[in-house]
Amino acid sequence: MSLHVRDIETRFRTTAGEVHAVNGVSFDVGDGELVGIVGESGSGKSVTINSILGLIRTSGTITSGTATFGGRDLIAMRSRDLRKIRGAEIGFIAQNPFGALNPVLRLSRQFENVVRAHRRLDRKEIRRQALAMLGHVGIHQPERVLDGYAHELSGGMAQRVVIALALMLDPTLVVADEPTTALDVTVQKQILDLISTLVRERERSMLIITHDLGVVANYCDRVVVMYCGRVMEDGPVREVFRRPYHPYALALLRSVPRAGQALQTLGGRLPKLNAQPVGCLFRDRCPYRMDVCDRVTPPLREVSPGRKVSCHLDVEQEVPTLVAG
Amino acid sequence: MSTTNTEAGDAPSPASTELMAPAVGAPRRRRAFWGLVAKRLAFIPLALFAVITISFLLVSIMPGDPALAILGSTANEQEVATVRSQLGLDRPLAERYVTYVGGVLQGDFGRSFFTGQPIRDEIVKYLPASIELVVMAILLAALVGISIGTLAGYCRGRAPDKAVRVVIAGLEAIPGFLAGLLLIFAFFYLWRLVPSPTGRLGIVNIYPPTVTHFLLIDLILAGDWNGLRSTLHRSMLPVLTLALAAIPLFAKITRTTVGGAMGSKQIQYARACGLSEWRVVQYALLQARTPILTYTAMLFGAMVGGSAIIETIFSWQGLGQWGLKAIVALDIPAIQGFVIVTGFCTMLVYLVLDLVVAALDPRIQHG
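Only a predicted model underlies this, so the values are computations on that prediction, with no experimental measurement involved.

**Q** Please clarify how the overall build of chain B should be interpreted in this entry.
**A** For chain B, the helix and strand inventory stands at 14 helices and zero strands. Counted from the first residue to the last, chain B has its helices and strands arranged as α-α-α-α-α-α-α-α-α-α-α-α-α-α. Taking 367 residues into account, the globule formula puts the C-alpha radius of gyration at 21 Å, and chain B, at 26 Å, lies well above it. Overall size of chain B, expressed as C-alpha extent along the three principal axes, is 95 × 55 × 40 Å.

Here you go:
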């Protein structure tokens, strides 16, 4: 099922004042589409996802926006109804399986708890389905895993269990929050291959949050580049990677290490988001800064079919291509 | 069992390396657990010996002469010397120590300087009453404290949390003896809702035949339901008084641990899976379980023997009240017996705590 996110704004009350973590984020995840959200740490990726799923802690509030999923607005929905969608219609893959899984409950109990939160099934049936699902995610001895605890598993195995839990109720959308950052590099590819294969096989949609451009390049159809709680650029992966329009997207792509080349880094750091931000948030680090960038927040506009960018520049003319840079 | 980072499940290697052999893991864990039990039990005599020695030495260097305390200030030197020799106090410390330890090993704690009764009999008489009081108080305090602590931790920063914090601060500000006296004043003197705070049974009730020395259990064994009702009625205020002191401790530790758990990745994931809020609270309490149990054990250790004032106010005839009397009267064998018994109780409770925690948490490695 498709997800349409429009103008989400989320703020947190902290001891240091109000933090505007997400400042009007919009994007779409179409049917059967794999979308990657990329951005630095603190760019609001996770907060955006948590806002959509109703997982914002009490110190945070969603001040505006909609997230339409199968015709229903997840933001406006009562928390009780949203709970029934989470886990059943939207599967969630956590970043660190050992932080997510319950350490003192047998995995069979955790499968039961998740399934029973949504369906009336007896224990035997849940066990049968869980064993089948563990087989699908490449666990060879599902009986043993199911009767054991999370800490008895390797990182890759534990993440497979989390994937199995996410897919147990056959969700139409899978949300993965940095699904491989906590894993060994050698395991990362296996897990990503597994997730994307399972999602594509079932013709489901997926939203992957990552700071790894390689993940986006290899597994996603479309990429959403976020910075300071705003979408900077949104477009098909192949096109954005070949010719990024936004200076920030360009800088991100240039900072990917390449063999035989000196690593290009982006100077400066994320601005503080204590007040309602005005103007372009990237301006302090942007080599193309203009007067207008200080005053006017650039809207996310469609520059060519399927490609959106929020920048005052005439991006097709003025932003250099990756190769020329 | 340690985690392994090898992704053997994906390699073409035999599937048996997939896990750290969980098939043999369960029996091994069980064996390791009983090994832990044996090890901890073996440690008890050693610790007990240390408690006996320290209590003996501490009591020996206490100021004051027990002979003078017995005879009163009018006694002459001759009389004092006679009594000292009767009590064995004229012999060297080392000799007295050996005699005492030898006695304790045979279950003989000596006789009270004042009543002449064997200390062992007095302990057997008074300890069960204290245990009954403390167990009832801790159960009540745990029930109330963990409930309001969970509520506060779950609603952290919001109105219920603030209300609970006010209650905690209020209860902490009232000393136990004052709470006891206020409760007696209100519930007995003003409203006549409970019987007078004079012991555990009414005058009309007859003590049941002694079987276990635990009054409640003996009453049940004797089938004396009237007596049981009377005892429980008379237990209400002392139990409440003692519980009031323990409720803030339970509430605070629960509030902190549950509150911390609510912000954890584990709880966020549980919610992302669509688990109900009841289940989410259950997960948070599972995380809070070990710290709460630890607190319970510490409280229990402190309360057996530590509730002397409450026991005195309500004439409970418990170990604390007996120990307090012994200290005031310089009844050395009684003081030593009191210290050893309370120390032993604390040790036992901590032992049980360690074993329960080890049995509950699958991650703890035994051995």
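**Q** How do you make sense of the layout of surface pockets when you look at a structure like this?
**A** Where empty space is left can be seen by rolling a probe of water-molecule size over the atoms. As a volume, the largest pocket reaches approximately 880 Å³. Along the wall of the largest pocket there are 30 residues; nearest its centre are Gly54, Ile56, Arg57 and Thr58 of chain A together with Arg271 of chain B. When residues of the lining of the largest pocket are traced back to their parent elements, those giving at least two are α1 (45-53) and α2 (79-85) of chain A together with α5 (119-154) and α9 (225-262) of chain B. When the residues that make up the lining of the largest pocket are grouped by side-chain class, the tally is eleven nonpolar, ten polar and nine charged.

**Q** Would you mind showing me how to read the packing of aromatic side chains here?
**A** Two aromatic rings, taken as a pair, are described by how far apart their centres are and by the angle between their planes. All names here are of chain A. Tallied over the full model, the rule gives ten aromatic pairs over all chains. Summarising the aromatic geometry, the rings of Tyr227 and Tyr248 are spaced 4.5 Å apart at their centres and angled 50° between planes, so their arrangement reads as tilted. A residue pair is termed long-range when its members are at least 10 positions apart, and Tyr227 in strand β9 (residues 222-227) and Tyr248 in helix α11 (residues 247-254) qualify at 21 residues. Exposure class is identical for Tyr227 and Tyr248. Each is buried. For the pair Tyr227 and Phe282, a centre-to-centre distance of 5.2 Å together with 85° between the ring planes defines the contact as edge-to-face. Here the residue Tyr227 occupies a position in strand β9, and Phe282 occupies one in the loop between α11 and α12 (291-295), the gap between them amounting to 55 residues. The buried category is assigned to Tyr227, whose relative accessible area is 0%.

**Q** How should I be thinking about the nonpolar core in this particular structure?
**A** Side chains of nonpolar character tend, in soluble globular proteins, to be buried together. Ranked by internal contacts, the top residues of the largest apolar core, which has 156 residues, are Leu3, Leu74 and Val161 of chain A. With 13 residues, the single largest contributor to this core is α5 of chain B. Aside from chain neighbours lying at most four places away, what touches Leu3 of chain A is Phe27, Asp28, Val29, Ile52, Ala67, Thr68, Phe69, Leu74, Leu173 and Leu207 of chain A. Among the nonpolar cores identified, the runner-up in size contains 21 residues, and Cys220, Leu252, Leu281 and Cys286 of chain A belong to it.

**Q** Explain the UniProt feature "transmembrane region" (unreviewed entry) in chain B to me, please; I cannot follow it from the model alone.
**A** All names here are of chain B. Using the residue numbers shown here, the UniProt feature "transmembrane region" (unreviewed entry) corresponds to residues 41-62, 133-154, 166-191, 235-253, 292-314 and 326-353. As a span, residues 41-62 carries 91% helix and 0% strand, and end to end its C-alpha atoms are 32 Å apart. Secondary structure content for residues 235-253 is 100% helix and 0% strand, while the C-alpha to C-alpha distance between its ends is 27 Å.

**Q** Explain helix α4 (residues 107-116) of chain A here, please?
**A** The α-helix advances 3.6 residues per turn, and as a result positions three or four apart in sequence lie on the same side. Summarising burial for α4 of chain A: eight of the ten residues are buried, a large majority. The secondary structure elements touched by the buried residues of α4 of chain A are α5 (123-136), α6 (142-146) and α7 (155-167) of chain A together with α11 (277-303) of chain B.

**Q** What exactly am I supposed to notice about the pattern of salt bridges here?
**A** It is possible for side chains bearing opposite charge to pair when their charged atoms get close. Residues and elements named next belong to chain A. Scanning the model with the defined rule gives 29 salt bridges over all chains in all. Where Arg78 meets Asp81, a salt bridge forms, and the shortest distance between an N and an O atom there is 3.4 Å. Measuring nitrogen to oxygen at the nearest pair gives 3.1 Å for the salt bridge that ties Asp147 to Arg127. Of this pair, Asp147 sits in the loop between α6 and α7 while Arg127 sits in helix α5, and the two are 20 residues apart along the sequence. Bridged by salt links that share partners, the residues Arg283, Asp284, Arg289 and Asp294 form one connected network.

**Q** Before we go on, may I ask you to explain the sheet that holds strand β8 (residues 205-210) of chain A in this structure?
**A** Backbone-to-backbone hydrogen bonds pair the strands of a sheet. The strands run either parallel or antiparallel. Residues and elements named next belong to chain A. Read across the open sheet, the eight strands follow the order β6-β7-β8-β3-β9-β10-β12-β11; overall the sheet is mixed. Either end of the sheet is taken by a strand with one partner, and the two such strands are β6 (90-93) and β11 (301-304). Between one strand axis and the next, the sheet turns through 20° on average, direction left out of account. Contacting β3 (34-38), β6, β7 (173-177) and β8, helix α8 (residues 185-201) runs over the sheet at an angle of about 155° to β8.

**Q** Looking at this structure, how should I read the sheet that holds strand β2 (residues 17-29) of chain A?
**A** All names here are of chain A. Strand order across the open sheet formed by four strands is β2-β1-β4-β5, with antiparallel pairing between neighbours. Strand pairing shows two members of the sheet lacking a second neighbour, β2 and β5 (72-73), which therefore form its edges. Strands in contact with α1 are β1 (3-14), β2 and β4 (60-69); relative to β1, the strand with the most contacts, it is inclined by about 105°.

**Q** How do you make sense of a nonpolar patch on the surface when you look at a structure like this?
**A** Together, Ile174, Phe177, Leu178, Leu181, Leu182 and Ile309 of chain B make up an exposed nonpolar region whose accessible area comes to about 530 Å². Of the residues forming the nonpolar patch, the biggest block, four residues, is contributed by helix α7 (residues 176-190) of chain B.

Calculation notes
Residues numbered from 1 in each chain as written. Chains lettered and ligands numbered in written order. Predicted model: local features only at pLDDT ≥ 70, side-chain atom pairs only at ≥ 80, totals over all residues. Heavy atoms only, no water. Helix = DSSP H or I, 4+ residues; strand = E, 2+ residues; numbered from the N terminus. Rg over C-alpha atoms; globule rule 2.2 N^0.38 Å. 1 Å grid on protein atoms, 1.4 Å probe; cavity = no way out; pocket = protein on both sides within 12 Å on 5 of 7 lines; lining within 4 Å. Points joined across faces, edges and corners; volume = space filled by probe spheres on them. Nonpolar A, V, L, I, M, F, W, Y, C, P; charged D, E, K, R; others polar. Phe/Tyr/Trp six-rings, centres within 6.5 Å; stacked < 30°, edge-to-face > 60°. Buried < 20%, exposed > 50% of the residue type's maximum accessible area, 1.4 Å probe, protein only. Core = buried A, V, L, I, M, F, W, Y, C linked by side-chain atoms within 4.5 Å. Contact = heavy atoms within 4.5 Å. UniProt positions renumbered as here; feature names shortened; annotations may be inferred. Salt bridge = Lys/Arg side-chain N within 4 Å of Asp/Glu carboxyl O. Pairing = 2+ DSSP bridges. Axes fitted to C-alpha atoms, helices over the stretch in contact; angles between N-to-C directions. Patch = residues over 30% accessible without salt bridge, like charges linked within 9 Å, V, L, I, M, F, W, Y side chains within 5 Å. Areas by Shrake-Rupley, 256 points an atom, 1.4 Å probe, with all protein chains shown as cover.

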